[in-house]
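The primary structure of each chain is shown beneath.
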Amino acid sequence: QVQLVESGGGLVQAGGSLRLSCSASGRTLSNYGVGWFRQAPGKEREFVAAINYSDTSTYYADSVKGRCSISRDNAKNAVYLQMYNLGPEDTAVYYCAKGRTRGWSTAGTSYAYWGQGTQVTVSS
């Protein structure tokens, strides 16, 4: 199985930015789409962003569109989520997940493997 590890989370003031990383070990990510999801306390997990295997197609949730940029470096077996202009509503645990195909999906059930998450906390 592939192991996914998220990093880059932390405490940031409103209006600030963070760059999250998703690194894989065990198997390569190069042939699979990858998605980012988040879950805030007391709320359901929600889709954030996704990217296909070759970085030719991306998709963002309306809640983060214009404030996030997803990218990947297959040579490094990693996917990144750059976030800008963060607000308290962005506070959540962020997860990356490996898809089952080369494409991407907004549905969590479309992903085969999940990381343990990285905490993002945005203060007012």
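A closer look at the pattern of salt bridges
Alright, step 1. All told, the structure shown has four salt bridges when counted by the stated rule.
Alright, step 2. A salt bridge links Arg 67 to Asp 90; its shortest N-O distance comes to 2.8 Å. Of this pair, Arg 67 sits in the loop between strand S6 (58-60) and strand S7 (68-73) while Asp 90 sits in the loop between strand S8 (78-83) and strand S9 (92-99), and the two are 23 residues apart along the sequence.
Alright, step 3. Several salt bridges share partner residues, and in doing so they unite Arg 38, Glu 46, Arg 67 and Asp 90 into one network.

Comments concerning the sheet that holds strand S1 (residues 3-7)
Alright, step 1. Pairing is antiparallel in the open sheet, where four strands are placed in the order S1-S3-S8-S7. The two strands at the open ends of the sheet, each matched to only one other strand, are S1 and S7. Sheet twist, expressed as the mean angle between neighbouring strand axes with direction ignored, is 15 degrees.
Alright, step 2. Sheet analysis places S1 next to strand S3 (residues 18-25), joined by five bridges and oriented antiparallel. When the sheet's bridge partners are listed, Val 5 is paired in S3 with Ser 23.

The rules behind each value
Residues numbered from 1 in each chain as written. Predicted model: local features only at pLDDT ≥ 70, side-chain atom pairs only at ≥ 80, totals over all residues. Heavy atoms only, no water. Salt bridge = Lys/Arg side-chain N within 4 Å of Asp/Glu carboxyl O. Helix = DSSP H or I, 4+ residues; strand = E, 2+ residues; numbered from the N terminus. Pairing = 2+ DSSP bridges. Axes fitted to C-alpha atoms, helices over the stretch in contact; angles between N-to-C directions.

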